[in-house]
Amino acid sequence: MATDVSVIERLPTGIPGFDHIANGGLPRGRTTLVSGTAGSAKTVFASQFLAAGVQLGEAGVFVTFEESPAALRRNMLGFGWNIAEWEEQGRWAFVDASPQADDELMIMGAYDLSALLARIEHAVRRVGATRVSMDSLGAIFNRLADTRVVRNELFRIVTSLKSMGLTAVITAERTHEYGDIGRYGVEEFVTDDVVILRNLLEEEKRRRTVEILKFRGTSHQKGGFPFTVIPGQGIVVIPLSAIELKQRSSNVRISSGSPELDRMCGGGFFRDSIILVSGATGTGKTLMSTTFMASGALRGERSLLFAFEESRDQLARNAIGWGVDFEQMEQDGLLRVVCNYPEVTGLEDQLISIQDEILRFRPQRVAIDSLSALERVSTIKGFREFVIGLTSFIKHQEMAGLYTSTTPTLLGGTSITEAHISTITDSIILLRYVELFGEMRRGLTVLKMRGSAHDKDIREFSIDGTGMHIGRPFRNISGILSGQFTHVAPSEIERLSALFRDEENPLLPEG
Amino acid sequence: MNGPAPSKIVLHLYVAGRSPRAERAIATLRRLCERELARYECDLVIIDVLADPQQAEARKILATPTLIKEFPEPPRRIIGDLGVPPEELLAALNLPYDGL
């Protein structure tokens, strides 16, 4: 990288997403301090660093100051790491420095930690380790009263690890999410590379982030990145802003399922674009996503639907009502429906499971119904990060994504969802109720179509047993988008048309 | 002292090479066995963790010097170069102190 003064080799940790924000991995042959408050997943990080190494064919030594090896073997099994088996195969070794039952420590006179160092060196030689984790420093400082001695000795251990060419992770506690890097002045002996794990409470919702504070003499991504800890995988970092915008942009169009809507969009949606469909409840958003997927099935394309508001049965029944047979599509392998309640899990986990589903099913089309249901379970920041992460992921796969979003009011209005993600999506379609002489009708307009001309009318739109039908533009009514309808006399329309003869239609007075 | 007099005393001292600290601890224990514990059969074993790290691993030794009184039970563990008066050391090890 251009910013590197010298070339510092990286050791890919194998922790999903982390190497991305670390620009390749931890600095090889050095010790990185991983600091965090209680419950910030330090032990998981330390274990995963070794586990991922074992899976890459590198042996590791785990020095535990706190939990017993037995407890670690048991706790880490849930992440799919069979430590006991790796120990048998000589790919993992514990150095047990956890408190012992008979260990009523009495201190009489001067001491050092040569025994610990000798044990670590012995374990490293025994398994041929390239990685070492030490977890966590606070425990040993607590047990041995002399902080200065412990600090000096740990410095000696870190120096020794370095001379053996090992890449190491040392965890340390901190008392506050923002403030000193760690207690006991640990940063004094591990100064080059610092990673901070945070477990924040924002608006009563837990949010985990990882930040690389520094990698001396080399580059990394700045700022906090959300991560999640999931069974069977461990830590998964979501490298949002580190995601490169390198997705190719295609000019290939795909059908929305409605020839008229395709025409309004200038020939259909782009194959690798994200379309946001916004409207009040009952305006036809689910219909639009159903049509979108049915259209894919007609062309032999696979669709994946994530539904957060309705059950499978409900969805299938709705679809039948519009002449679309979900069951048949599923049997043909052209559709997969994933239903769950957004409250079941955090957004980070939701993102990971959506990504897994997409990678497994490899669809050409993805629909999310609705995105606003997910907004409920998150902070605005977390939600925005989720949408960016998801959008970027979908675009990388070169597939089309359709998100629906529910507006909170029946007439007019925009949702928080739109306010936060409208710049991220490529196309926006608005569905609105229109009150026309004592009757409720539906209106549809294409508000945005990135990279293409589009129809700017607000068109009437109806729903029947064969799906959606787009009709004529509403000509004698204005204020549809704001929900403040005004009926305009035909003569007035002519007069306005004359005024703006070369202009676009006089729509969108506000909103 | 408490309990009946032990028939035998087993002391394991873990050191890292022949450092001044190690020498000091060894000298203190030798003196203890020769004087204060002269009435007992006293078994003092010196283990060099640099030469024998497996032993240190087995007994989970962290610091050096570490003294473990292995017998009589229960074991007692003391860290440091033992620069304290003998009666204090014996009390910490829960061994009889007969005066002299």
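Residues numbered from 1 in each chain as written. Chains lettered and ligands numbered in written order. Predicted model: local features only at pLDDT ≥ 70, side-chain atom pairs only at ≥ 80, totals over all residues. Heavy atoms only, no water.

The name recorded for chain B in an unreviewed UniProt entry is Circadian clock protein KaiB, from Candidatus Chloroploca asiatica.

A.B. asks: Requested: an account of the sheet that holds strand β3 (residues 31-36) of chain A, with residues and values cited.
C.D. replies: Residue and element names in this part refer to chain A. A sheet is described by the order of its strands in space; here 9 strands give the open sequence β5-β4-β7-β8-β3-β9-β10-β11-β12, paired in mixed fashion. Across the chains shown, the open sheet's two edge strands, defined by having one partner strand only, are β5 (92-96) and β12 (234-237). Recorded for the sheet is a direction-independent mean angle of 25 degrees between the axes of neighbouring strands. Relative to strand β11 (residues 224-230), strand β10 (residues 205-215) runs antiparallel, the two being bridged by 3 bridges. Bridge pairing links E211 to G224 in β11. Each of β10, β11 and β12 touches helix α12 (residues 347-361); the most contacted strand, β11, lies at about 75 degrees to it. (Pairing = 2+ DSSP bridges. Helix = DSSP H or I, 4+ residues; strand = E, 2+ residues; numbered from the N terminus. Axes fitted to C-alpha atoms, helices over the stretch in contact; angles between N-to-C directions. Contact = heavy atoms within 4.5 Å.)

A.B. asks: Requested: an account of the sheet that holds strand β20 (residues 427-436) of chain A, with residues and values cited.
C.D. replies: Residues and elements named next belong to chain A. Taken in spatial order, the 9 strands line up as β17-β16-β18-β19-β15-β20-β21-β22-β23 in an open sheet, and their pairing is mixed. Whereas interior strands pair on both sides, the edge strands pair on one side only; in this sheet they are β17 (335-339) and β23 (467-473). Adjacent strand axes in the sheet meet at a mean angle of 25 degrees, parallel and antiparallel pairs treated alike. Alignment of strand β15 (residues 274-279) against β20, held across 5 bridges, turns out to be parallel.

A.B. asks: Describe the nonpolar core, listing the residues and the values that go with them.
C.D. replies: All names here are of chain A. Counting residues in hydrophobic clusters, the biggest one holds 41 residues, and the most contacted among them are F306, I358, I368, L371, F386 and Y403. Of all the secondary structure elements, the ones that give two or more residues to this core are β15, β16 (303-307), α12, β18 (365-369), α13 (371-375), α14 (380-396) and β20. If near-sequence neighbours (up to four positions away) are discounted, I358 is found in contact with L304, F306, P363, V366, F393, I394, Q397 and M399. Judged by nonpolar contacts, the second largest core, of 40 residues, contains L33, A93, L117 and L154. (Core = buried A, V, L, I, M, F, W, Y, C linked by side-chain atoms within 4.5 Å. Buried < 20%, exposed > 50% of the residue type's maximum accessible area, 1.4 Å probe, protein only.)

A.B. asks: I'd like to hear about the interface of chain B and chain A, residue by residue, with values.
C.D. replies: On the chain A side, the residues contacting the 28 residues of chain B number 26 residues. At the boundary of chain B with chain A, total buried surface from both sides reaches about 2,300 Å², with 60% on carbon and sulfur atoms. It is L62, R77 and I79 of chain B that lose the most area in chain B upon contact with chain A, and together they represent 32% of the buried surface on that side. At the surface where chain B touches chain A, the tally comes to 3 salt bridges. In this assembly, chain B and chain A are joined by 10 residue pairs in polar contact (both at pLDDT 80 or more). Counting only elements with at least two residues in the side of chain B that touches chain A, the list comes to α2 (53-58), β4 (76-79) and α3 (86-93) of chain B. (Buried area = accessible area lost by both parts, 1.4 Å probe. Salt bridge = Lys/Arg side-chain N within 4 Å of Asp/Glu carboxyl O. Polar contact = N/O pair within 3.5 Å; in protein donor to acceptor, adjacent residues only side chain to side chain.)

A.B. asks: Tell me about the side chain of H122 of chain A, and please be specific about residues and values.
C.D. replies: If you trace the backbone, H122 of chain A turns up in helix α5 (residues 114-127). If sequence neighbours within four positions are ignored, H122 of chain A has contacts with P53 and Q54 of chain B.

A.B. asks: Requested: an account of the pairing of β10 of chain A, with residues and values cited.
C.D. replies: Residues and elements named next belong to chain A. Note: strand β9 (residues 193-202) against β10, 10 bridges, orientation antiparallel. Considered in β10, the bridge of V195 is made with I212. In sequence, β9 turns back onto β10 through a hairpin of 2 residues, with E203 there showing a positive phi of about 50 degrees.

A.B. asks: Tell me about the packing of α12 of chain A against α14 of chain A, and name the residues and values.
C.D. replies: Residue and element names in this part refer to chain A. At their nearest, the axes of α12 and α14 sit 10 Å apart, and the two run at 10 degrees to each other. Compared by their axis directions, α12 and α14 come out roughly parallel. Side by side, α12 and α14 meet where L347, Q350, L351, I354, Q355, I358 and L359 of the first sit next to G382, F383, F386, G389, L390, F393 and I394 of the second. Taken together, the residues of the contact of α12 with α14 break down into 10 nonpolar, 4 polar and no charged. (Parallel < 35°, antiparallel > 145°, perpendicular 65-115°, else oblique. Nonpolar A, V, L, I, M, F, W, Y, C, P; charged D, E, K, R; others polar.)

A.B. asks: Give a detailed account of helix α3 (residues 69-77) of chain A, specifying residues and quantitative values.
C.D. replies: All names here are of chain A. Turning to α3, its buried residues number three or more, namely P69, A71, L72 and M76. Burial along α3 is one-sided: seen end-on, the buried residues are contained in an arc of 155 degrees. Close packing links the buried residues of α3 with α2 (42-55), β4 (60-64), α4 (83-88) and β5. (Arc of directions from axis to C-beta.)

A.B. asks: How would you sum up the pairing of β12 of chain A? Please name residues and give values.
C.D. replies: In this structure, β11 of chain A lies alongside β12 of chain A, joined through 4 bridges in antiparallel fashion. From the neighbouring strand, I230 of chain A faces β12 of chain A, where its bridge partner is G234 of chain A.

A.B. asks: Quick rundown of the packing of aromatic side chains? Include the residues and the values.
C.D. replies: Residues and elements named next belong to chain A. Scanning the entire structure with this criterion turns up 7 aromatic pairs over all chains. Three or more aromatic residues joined by ring pairs make a cluster, and in this case those are F62, W86, W92 and F94. Over the face of the ring belonging to F270 we find R253, whose NZ or CZ atom lies 4.1 Å from the ring centre. Here the basic side chain of R365 rests over the ring of F292, its NZ or CZ set 4.9 Å away from the ring centre. (Phe/Tyr/Trp six-rings, centres within 6.5 Å; stacked < 30°, edge-to-face > 60°. Lys NZ or Arg CZ within 6 Å of the ring centre and 35° of its normal.)

A.B. asks: So what's going on with the UniProt feature "domain: KaiB" (unreviewed entry) in chain B? Which residues, and what values?
C.D. replies: Within this structure's numbering, the places UniProt gives as "domain: KaiB" (unreviewed entry) are residues 12-95 of chain B. Helix makes up 35% of residues 12-95 of chain B and strand makes up 26%, while its end C-alpha atoms are separated by 15 Å. (UniProt positions renumbered as here; feature names shortened; annotations may be inferred.)

A.B. asks: Provide a residue-level description of the confidence of the model for chain A, including the pertinent values.
C.D. replies: Residues and elements named next belong to chain A. Looking at chain A, pLDDT values average 85 and 89% of them are 70 or higher. β4 holds the highest mean pLDDT among the elements of chain A, 97, whereas helix α15 (residues 416-421) holds the lowest, 65. Overall, residues 1-5 carries pLDDT values under 50, and its contacts beyond four positions in sequence, including any with other chains, amount to 6 contacts. Note on residues 505-511: pLDDT under 50 across the span, and 11 contacts to partners over four residues away in sequence or across chains. (pLDDT = per-residue confidence, 0-100.)

A.B. asks: Give a description of the pattern of salt bridges that names residues and reports values.
C.D. replies: All names here are of chain A. The full count for this structure, using the stated rule, is 25 salt bridges over all chains. Of the charged contacts, one joins R459 and E260 as a salt bridge, the two residues approaching to 2.7 Å between their closest N and O atoms. Here R459 is found in strand β22 (residues 459-464), whereas its partner E260 is found in helix α8 (residues 259-264), with 199 residues between them in sequence. Among the residues examined, E260 registers a relative accessible area of 24% and is labelled partly exposed. Where salt bridges share partners, they join E260, R263, D455 and R459 into one cluster.

A.B. asks: An account of helix α9 (residues 285-298) of chain A is requested, with residue identities and associated values reported.
C.D. replies: All names here are of chain A. A rise of 1.5 Å per residue sets the reference length of α9, with its 14 residues, at 20 Å; its end C-alpha atoms lie 20 Å apart and thus fit the reference within 8%. When you tally the buried positions in α9, you get 13 out of 14 residues, the bulk of the element. Backbone geometry just after α9 places G300 at a positive phi near 75 degrees. (Expected span 1.5 Å × (residues − 1).)

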